[in-house]
Amino acid sequence: MTGLWVVLATLALGTLIGVIRLRRDGRVRDTDGERLSAADLGSGLGERATLVQFSTAFCQPCRATRRILADVSELVPGVSHVEIDAESRLDLVRRLEIMRTPTVLVLDGAGVIVKKAAGQPRKADVLDALAAAVPES
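Residues numbered from 1 in each chain as written. Predicted model: local features only at pLDDT ≥ 70, side-chain atom pairs only at ≥ 80, totals over all residues. Heavy atoms only, no water.

For helix α5 (residues 123–133), the full list of buried residues reads Val-126, Ala-129, Leu-130 and Ala-133. Within α5, the buried residues cover an arc of 105° as seen down the axis, which keeps them to one side. Seen from the open side of α5, the exposed residues pointing more than 90 degrees away from its buried face are Asp-128 and Ala-131. (Buried < 20%, exposed > 50% of the residue type's maximum accessible area, 1.4 Å probe, protein only. Helix = DSSP H or I, 4+ residues; strand = E, 2+ residues; numbered from the N terminus. Arc of directions from axis to C-beta.)

Turning our eyes to something else, we now look at the state of the cysteines. Taken as a whole and assessed by the stated rule, the structure comprises 1 disulfide. Two residues share a disulfide in this structure: Cys-59 and Cys-62, whose sulfurs sit 2.2 Å from each other. Across the S-S bond linking Cys-59 and Cys-62, the dihedral sits near 85°, which makes this disulfide right-handed. (Disulfide = S-S within 2.5 Å.)

Further remarks concern the nonpolar core. Judged by nonpolar contacts, the single largest core of 15 residues is most densely connected at Ala-49, Leu-51, Val-72, Val-79, Val-106, Val-126 and Leu-130. Those elements that provide at least two residues to this core are β2 (49–55), α3 (60–75), β4 (103–108) and α5. Per element, the largest residue contribution to this core is 4 residues, and it comes from α5. Sequence-distant contacts of Val-72, defined by excluding residues within four places in its chain, comprise Leu-51, Lys-123, Val-126, Leu-127 and Leu-130. In this structure, Leu-41, Leu-96, Leu-105 and Ile-113 belong to the second largest nonpolar core, which totals 14 residues. (Core = buried A, V, L, I, M, F, W, Y, C linked by side-chain atoms within 4.5 Å. Contact = heavy atoms within 4.5 Å.)

This part takes up the pairing of β4. Judged by how many residues are buried, β4 sits mostly within the fold: 6 of 6 residues are covered. Side-chain alternation along β4 places Thr-103, Leu-105 and Leu-107 on one buried face and Val-104, Val-106 and Asp-108 on a second face that is also buried. As defined by bridge partners, β2 adjoins β4 across 6 bridges and the pair is classed as antiparallel. Considered in β4, the bridge of Gln-53 is made with Val-104. Where β4 meets strand β5 (residues 113–118), 5 bridges bridge the pair, whose relative direction is antiparallel. Its bridge partner being in β5, Thr-103 is matched across the sheet by Ala-118. (Pairing = 2+ DSSP bridges.)

Here the focus is the side chain of Thr-65. Following the sequence through the fold, Thr-65 ends up in helix α3. Only 2.9 Å separates the side chain of Thr-65 from the backbone oxygen of Pro-61, close enough to count as a polar contact. Other than its neighbours up to four places away in sequence, Thr-65 contacts Gln-53, Pro-102, Val-104, Gln-120 and Pro-121. (Polar contact = N/O pair within 3.5 Å; in protein donor to acceptor, adjacent residues only side chain to side chain.)

Following this line, the structure appears as structure tokens:
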């Protein structure tokens, strides 16, 4: 009977962890406002904002995130999308405390990190985050 309780407790704990992870995955949150330059990114900053994606070669959610960010950058004028291979830029990964891929950073026109999402964000959440980064014209 004790073995059954261990199995049930393990299943309950696994389910709880899965639910928590699903609720937090891709959630866009505020950051400390560190500034990144074009040299940091290896690419120019967008005129109004930049969407920075940290990816790895075999990351399945990274592909979907790439499509979302490309769509958003085409939809919003002055916004560019930069994808960084996390494995080749470990210096930047450590500096920015990137713990998983995909991780998306939303930078304002000056390169200041305004928002961050670990995991695949929803398109609507990226657009909302851009509203905080892009000045109204």
